[in-house]
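A look at the structure
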Amino acid sequence: MMPVLLLVVTGLVWFSLRYAWWRPPVSYRYPRILMYHMVTAPRSGARFNGLRVAPRVFEKQLQWLAQHGWHSFTVSELVAQAGRLPEKSCAITFDDGYADNLLQALPLLKKYRCKATLYLVVERSGRDWSTQRKAHHNEGELKQEDKLSDAQVEEMLASGCIELGSHSMTHANFSRLEATAAGRELVDSRKALEDRFGVSVRSFAYPFGLYRPEQLALVEEAGYTSAVTTREGIENPGSWNPLELQRIKISGKDNWLAFLLRMRGGRRGLRQAGLW
Ligand SMILES: [Zn+2]
């Protein structure tokens, strides 16, 4: 009897620490900004499966948002309307510019009438940006993934539900860039995207979520009114810094409960909160 009880108690403690289910939801007046990369089936043995959300899972998430009364905005709309957002506002974001964003995600976004902000790397083909952070992980896995061609980006923009944002020229690691180089990445990518696609680009996503505090001024000078990080969380739009927005990481490795808890609390559990 005792071993069984011990097992049950251990299981409950593990479950609680993993999911932190007892935490109350963060106010639904605070918008949720969801971070996605690829919408595609995970590949067996691949290192970056966290970045791959299966299309059927993505659809289930959009269906849940629609059924539970969430209002969809682009990131620029969220920031512009910060003081008068309805309860349950959300923004879907895609980083990098994978071809599946058009082939898999766009039809579902249309089906559920959702908007999204696409953070595009200008020089996105033939680059292995997974290696820029840790040089020893030279596997080329993300390099082999199909990226959106310019024509495919146009197709996405023509849908009317996509905002185009910049994710820099080269997916550079900003924590290692001098002011001049950082400024160039910011200004050149905005201009290149605006010239190529004929839309206004006002939102930026820091590659790898990395930047230095003094670079915020450069982001603003370059003409951006918002910028998203990879820090996990849900913020009060009355006091957030629009140039350092936190997001909810939607991972292909998460189960359904983890998704629901992230939508409630921004992070999955104590581990993500740095307490464990
Ligand atoms: Zn990226």
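Anyway, here's the lowdown on the structure attached to this text. If you're wondering where the values come from, they're calculated on a predicted model, not measured in any experiment.

What to know about helix α1 (residues 2-19)
The end-to-end C-alpha distance of α1 is 26 Å, a good match for the 26 Å that 18 residues give at a rise of 1.5 Å each. Backbone geometry just downstream of α1 places Ala20 in the positive-phi region, at approximately 45°.

Brief notes about the packing of aromatic side chains
Counted under the stated rule, the structure contains 11 aromatic pairs. Plain terms: the ring middles of Trp64 and Trp70 are 6.2 Å apart, the flat faces sit at 35° to each other, and that makes the pair tilted. Residue Trp64 shares its accessibility class with Trp70, and that shared class is buried. Aromatic side chains Trp64 and Phe259 sit 5.7 Å apart centroid to centroid with 80° between the ring planes, which places their arrangement in the edge-to-face category. In this pair, Trp64 is assigned in helix α2 (residues 55-67) and Phe259 in helix α8 (residues 256-265), connecting sequence segments 195 residues apart. This pair shows no difference in class: Trp64 is buried, exactly as Phe259 is. Between the NZ or CZ atom of Lys88 and the centre of the ring of Tyr28, over which it lies, the distance is 5.4 Å.

Details of the packing of helix α4 (residues 100-111) against helix α5 (residues 150-158)
Viewed as axis vectors pointing N to C, α4 and α5 meet at an angle of 20°, and their least axial separation amounts to 10 Å. Considering their axes alone, α4 and α5 lie roughly parallel with respect to each other. Where α4 crosses over α5, the two elements pack in a sense that is left-handed. In contact with Asn101, Leu102, Leu103 and Leu106 of α4, α5 contributes Gln152, Glu155 and Met156.

Things to note about the coordination of the zinc ion
The protein atoms donating to the zinc ion are Asp96 (OD), His167 (NE2) and His171 (NE2), with metal-donor distances spanning 2.0 to 2.2 Å. Counting the intervening residues between successive donors of the zinc ion yields the motif D-x70-H-x3-H. Residue Asp96 is located in strand β5 (residues 89-96), and its partner His171 is located in the loop between β7 (162-166) and α6 (179-197); the two are separated by 75 residues in the primary sequence. A single burial state applies to Asp96 and to His171, both of which are buried.

Structural notes on the pattern of salt bridges
This model, assessed by the stated rule, comprises 15 salt bridges. With its nearest N and O atoms 3.0 Å apart, the salt bridge here joins Arg196 to Glu154. One end of the pair, Arg196, is in helix α6; the other, Glu154, is in helix α5, with 42 residues separating them in the sequence. Looking at Glu154, the relative accessible area reads 37%, which means it is partly exposed. For Arg202, the salt bridge is made with Glu194, and the minimal N-O distance between the two is 3.1 Å. We classify Arg202 as partly exposed; its relative accessible area is 31%. Connected through shared salt-bridge partners, Arg43, Arg52, Glu141 and Glu145 make up one network.

Looking at the nonpolar core
In globular proteins that are soluble, nonpolar side chains generally tend to be buried together. One finds Phe58, Phe94 and Leu109 to be the most contacted residues of the largest nonpolar core, which totals 52 residues. With five residues, α4 is the single largest residue contributor to this core. Among residues more than four places away in sequence, those in contact with Phe58 are Tyr36, Val39, Val53, Phe94, Ala105, Leu108 and Leu109. Within the second largest apolar cluster, 13 residues are counted, among which are Val75, Tyr119, Trp240 and Leu245.

As for the pairing of strand β1 (residues 32-36)
When you tally the buried positions in β1, you get five out of five residues, the bulk of the element. By the alternation rule, side chains of β1 split into Arg32, Leu34 and Tyr36 and Ile33 and Met35, which are all buried. The pairing of β1 with β5 spans five bridges and is classified as parallel. Each bridged residue has a counterpart across the sheet, and for Met35 the counterpart in β5 is Thr93. Bridge count between β1 and strand β10 (residues 245-249): two bridges; the pairing is parallel. Residue Met35 lies in a different strand from β10, and its bridge partner there is Lys249.

Some thoughts on unusual backbone geometry
If a residue is not glycine, its phi is most likely negative; likewise, a peptide bond is most likely trans. Unusually for a residue other than glycine, Lys88 sits at a positive phi of about 60°. Relative accessible area serves as the criterion here: at 23%, Lys88 is assigned to the partly exposed category. You will see that Ser168, though not glycine, has its phi angle at about 85°, which is positive. Residue placement: Ser168 occurs in the loop between β7 and α6. The exposure class of Ser168 is buried, given its relative accessible area of 0%.

Basis of the calculations
Residues numbered from 1 in each chain as written. Predicted model: local features only at pLDDT ≥ 70, side-chain atom pairs only at ≥ 80, totals over all residues. Heavy atoms only, no water. Helix = DSSP H or I, 4+ residues; strand = E, 2+ residues; numbered from the N terminus. Expected span 1.5 Å × (residues − 1). Phe/Tyr/Trp six-rings, centres within 6.5 Å; stacked < 30°, edge-to-face > 60°. Buried < 20%, exposed > 50% of the residue type's maximum accessible area, 1.4 Å probe, protein only. Lys NZ or Arg CZ within 6 Å of the ring centre and 35° of its normal. Axes fitted to C-alpha atoms, helices over the stretch in contact; angles between N-to-C directions. Parallel < 35°, antiparallel > 145°, perpendicular 65-115°, else oblique. Left-handed = near helix turned anticlockwise from the far one by under 90°. Contact = heavy atoms within 4.5 Å. Donors = N, O, S within 2.8 Å, 3.2 Å for Na, K, Ca; no water. Salt bridge = Lys/Arg side-chain N within 4 Å of Asp/Glu carboxyl O. Core = buried A, V, L, I, M, F, W, Y, C linked by side-chain atoms within 4.5 Å. Pairing = 2+ DSSP bridges.

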